Each structure stands twice: as structure tokens, then as C-alpha cells.
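# Per-entry structural report
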Amino acid sequence: MVTNKPHLAGKRNTVGRPRLPTGILLAIGGWSGGNPTNGIEAYDVRADCWINITNNTERPRAYHGTAFLNGYVYCIGGFDRLEHFSNVRRFDPISGNWHEVAPMYYQRCYVSVTVLNGCIYAMGGYDGHMRLSTAEYYRPEINQWSLIAPMHEQRSDASCTSLNNKIYICGGFNGHDCLQTAEYYSPETNQWTMITPMNSRRSGIGVMAYAGHVYAVGGFDGNSRLSSAEAYNPDTNLWTNVASMITTRSNFGIEVVEDRLFVVGGFNGFTTSYAVECYDTTTNEWFMVCGIRIFRSALSCCVISGLPNMADYVVPRDTLPQLPALEEEEEEEQNEMESGDSLNE
Ligand SMILES: *[C@@H]1O[C@H](CO)[C@@H](O)[C@H](O)[C@H]1NC(C)=O
Ligand SMILES: *[C@@H]1O[C@H](CO)[C@@H](O)[C@H](O)[C@H]1NC(C)=O
């Protein structure tokens, strides 16, 4: 079943307006209408609404990675058609200011980025000449990148996530083939270990830890854009197919907010996309939700939380229409009447 307002159910407060979400999903940069974009949108999950928070002083960036760490949003590597970036820009969501921090060792566009144990990891990518197997990590306390062991595969356009003190990276493109392989990094041993390959080749894939599994979603298999998704169980070393997305997509943003997995924008095989959908593991279903306003692929998503000014990134609660809640109340009233409960009161 497809509905467009799954997350309002049971989540409203006493006055019928959704509470502040615990996390705000940011969709940052990307490729839009044939150009790189500096567009940033914030998703208010409780209101199912995107807010444009673009800062036009920032240089556009696509095929980069983003990470939220210690209250800052980091934008890492990427490409703007002229340059493959090694640089890293840091956004302070409280003050709205941007700062440059230490650059990576390598220029990395199509880079994979995740956070583990208070550090940011950046893996693979493309430096303008070759697909990279190298990887490095950033320690914010000393503002420094350090190289770690290289991966077994050259991977550009892969995607990664951290789960149970490991970093999992899946798929990508090595310069010849879209990859089916996946591997994990253990920081204790500084070693990469291959795991069972995915069921599909996936470049421009989205990978995210969710419900104790590593989800591998969408991408390009060398022939077509995929809507399929699969989940890796680290205990069994097995991939299991899960419900397919409603739309095909590669090079999209992926994140978990409030126990749901969101996929944002991307390229659907014909055009860059506005479409956003979310997956709920409890029902194994995808739902279309409110689309982004800046259609784009090659964007990166992260979730910000714990800010004193969360209200700056959501729809003002007093301007939110009460309609969804009212509809729900009407439905409830009707159900009560139909079931005869109200007669007993
Ligand atoms: C988003 O905001 C920026 C900066 O104010 C503006 O230039 C841009 O046109 C906006 N885009 C959309 C789609 O509203
Ligand atoms: C945009 O970024 C600049 C540079 O960091 C900053 O000075 C400015 O306050 C930002 N503008 C907004 C509207 O956040």
C-alpha cells in the first residue's frame, strides 16, 4: 500500500500539531540541471516538508560526502566540473557559518564517507585520473587526516556506513565494472575484510546501517538503474532481498531519521529526480513522501540532532496546518461512532 503521510500517524501532540523531530535530514549539494549546486534543504520529518536553507555564498559541490560530527556538518571532497576536491568545508548549524578545515591527502570525488568513534572516514573515489582504493580518516581534535589501510578494491561511486564498530563499504565502480563486492574495515586491526558479495552489481548505490543490518539500495548495474534493495546480516554474512523502492535511482542521498530509511533524489535513468521515499523495516514497505524542491543527483545527506536551535530547521509549528491531525481525529471519531464506543460514554 502506498500512502503519502505514513509518519504522522500516532505522532502528534495534544494540540494536533506535530512535535519537533529528534533529527533533521539535510540534503546537501549535488548535480542539478546540468550544473553543480550549492542547494541545501532540510527535511522536517514530522511535518513531511522540505525547507530551503541554501547559503548562496558557498561554492557548489557534487559527488561529495557529508558527515555530522560533534555539532558540525562536514562537506568532503566532490567535484564542481572544474576541480576534483580534496578540501573539506565545515558548517556550523547553530551560527550558520562555514569554515575550511584540513584537506584530505587525496582529491576524492564519488567519495564514500561515514563517522565511526568520533572520527570521519573517507574512502575511495576518483581523483581525476584514477579510481582510488586508498582511505583516510579525520580526527577533529587535531584537525588532521591520516591514511588507513587501502581497500581490496578501487571504489568510486560506492557507499558506506558504520555498524558494530566496523565500516562497511559496498559496490561502486573500479573504472571497468560496476561492483558486486563489499568489504568491512575494523579500526582495531586496521584491516579490510571481504564479505559475501551483494546479489546485484551496484554503482551509485546507497548504503546505510538500519535495524541491525547493512542496507544496499538502488544504483546502476551496468545496464539499468535499480529499484531493488537488499540487507546484509553481519551475524550470518548473508544478503537478503527486501522490498524494492517505488522508483529506480542511482546517486541519491540516503539516511535514517526516526527509525525510517530515506532515499532522496538521484538519477532515475532518464532525469535527475525530486522524488523522496522512505522504507519501514517493520512492514517492509516503501512510501513516497514530500519531494525535494531542488531536483538533483550526486547529493549527500546527513542528519543533524541535539541542537539548541532545532526550530530554525523545521516548519514553524504555529504555521503548520492542523489538517492531518484533524483528519485523523475525524477518522477516530467516525471509528468510535461506527464501533459504538461513544455510546457507552
Ligand atoms: C533556495 O534558496 C536560495 C537562497 O535563498 C535561492 O537562491 C534559491 O532560488 C532557492 N531555491 C528554491 C528552489 O527555492
Ligand atoms: C552564509 O555563509 C557565510 C560564510 O560562512 C556566513 O557569513 C553567512 O552568515 C551565511 N549566511 C546565512 C544566511 O546563513
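Residues numbered from 1 in each chain as written. Chains lettered and ligands numbered in written order. Predicted model: local features only at pLDDT ≥ 70, side-chain atom pairs only at ≥ 80, totals over all residues. Heavy atoms only, no water.

In the nomenclature of an unreviewed UniProt entry, the protein is known as Kelch-like protein 10 of Characodon lateralis.

### Some thoughts on the overall build of the protein
From N to C terminus, the protein includes 1 helix and 24 strands. Counting over 345 residues, the protein shows a buried share of 55%. Across the protein, the fraction of contacts at a sequence separation of at least 24, relative to all contacts at a separation of at least 6, is 55%. When the accessible area of the protein is evaluated, it comes to approximately 14800 Å², of which 48% is carbon and sulfur surface. (Helix = DSSP H or I, 4+ residues; strand = E, 2+ residues; numbered from the N terminus. Buried < 20%, exposed > 50% of the residue type's maximum accessible area, 1.4 Å probe, protein only. Contact = heavy atoms within 4.5 Å. Areas by Shrake-Rupley, 256 points an atom, 1.4 Å probe, with all protein chains shown as cover.)

### Describing the site of ligand 2
Within the structure, ligand 2 sits among Asn55, Thr57, Gly96, Asn97 and Trp98. Interatomic distance of 3.1 Å between a side-chain N/O atom of Thr57 and an oxygen atom of ligand 2. Between ligand 2 and Trp98 there is a distance of 3.0 Å, counted from an oxygen atom to a backbone nitrogen or oxygen. Considering ligand 2 on its own, with 360 Å² of exposed area, one finds that the protein chains cover 46% of that surface. Across the shell around ligand 2, the residue classes tally to 1 nonpolar, 4 polar and no charged. (Near = heavy atom within 4 Å. Polar contact = N/O pair within 3.5 Å; in protein donor to acceptor, adjacent residues only side chain to side chain. Nonpolar A, V, L, I, M, F, W, Y, C, P; charged D, E, K, R; others polar.)

### Looking at empty space enclosed by the protein
Tallied over the entire structure, the rule returns 1 cavity of 30 Å³ or more. The calculated volume of the largest cavity comes to roughly 90 Å³. As for the largest cavity, its lining consists of Ile28, Gly29, Thr37, Asn38, Ile40, Glu58, Arg59, Arg61, His64, Cys75, Arg89 and Trp98. Of all the secondary structure elements, the ones that give two or more residues to the lining of the largest cavity are β1 (23–32) and β2 (35–44). Ranked by residues supplied to the lining of the largest cavity, first place goes to β2 with 3 residues. (1 Å grid on protein atoms, 1.4 Å probe; cavity = no way out; pocket = protein on both sides within 12 Å on 5 of 7 lines; lining within 4 Å. Points joined across faces, edges and corners; volume = space filled by probe spheres on them.)

### Some words on the environment of Pro150
Along the chain, Pro150 turns up in the loop between β11 (144–148) and β12 (159–163). On a C-alpha basis, the gap between Pro150 and Glu136 in space is 8.5 Å, while along the polypeptide they are 14 residues apart. Once residues lying within four places of it in the same chain are set aside, the contact partners of Pro150 are Ser133, Thr134 and Trp192.

### A word on the pairing of strand β4 (residues 65–69)
Counting buried positions over the 5 residues of β4 gives 5, a clear majority of the element. Neither face of β4 is open: one carries Gly65, Ala67 and Leu69, the other Thr66 and Phe68, and all of them are buried. In terms of strand pairing, β4 meets strand β5 (residues 72–76) through 5 bridges, oriented antiparallel. Note on β5: the bridge partner recorded for Leu69 is Tyr72. What sits between β4 and β5 in their antiparallel hairpin is a turn of 2 residues, with Asn70 showing a positive phi close to 50°. (Pairing = 2+ DSSP bridges.)

### Considering the side chain of Glu258
Here Glu258 shows up in the loop between β20 (253–257) and β21 (260–264). Separated by 2.8 Å, the side chain of Glu258 and the backbone nitrogen of Thr22 make a polar contact.

### Thoughts on the sheet that holds strand β14 (residues 182–186)
Spatially, 4 strands are ordered β12-β13-β14-β15 in an open sheet, and the strand pairing comes out antiparallel. Two strands bound the open sheet, and with one partner strand each, they are β12 and β15 (191–195). Averaged over all adjacent pairs, the angle separating strand axes in this sheet is 25°, with direction ignored. In this structure, strand β13 (residues 166–170) lies alongside β14, joined through 4 bridges in antiparallel fashion. Bridge pairing in β14 places Ile169 opposite Glu183. (Axes fitted to C-alpha atoms, helices over the stretch in contact; angles between N-to-C directions.)

### Structural notes on the state of the cysteines
What the rule picks out here adds up to 0 disulfides. Take Cys290: it sits in no disulfide, and the sulfur closest to it among the cysteines is that of Cys49, at 5.5 Å. Under the relative-accessibility criterion, Cys290 is labelled partly exposed at 27%. (Disulfide = S-S within 2.5 Å.)

### With respect to the site of ligand 1
Around ligand 1 lies a shell formed by Asn52, Thr54, Asn56 and Ile294. Within the side chain of Asn52, a nitrogen or oxygen atom sits 2.3 Å from an oxygen atom of ligand 1. A distance of 3.0 Å is found between an oxygen atom of ligand 1 and a side-chain nitrogen or oxygen belonging to Asn56. A total of 360 Å² of accessible area belongs to ligand 1 in isolation, and the protein chains cover 45% of it. Among the residues making up the shell around ligand 1, the classes are represented as 1 nonpolar, 3 polar and no charged.

### Notes on the layout of surface pockets
Estimated volume of the largest pocket: approximately 680 Å³. Together, 36 residues line the largest pocket, and Thr66, Val113, Cys160, Met208 and Cys301 are the ones closest to its centre. Of all the secondary-structure elements, those providing two or more residues to the lining of the largest pocket are β4, β8 (112–116), β12, β16 (206–210), β20 and β24 (300–305). Along the lines of polarity and charge, the residues of the lining of the largest pocket split into 21 nonpolar, 13 polar and 2 charged.

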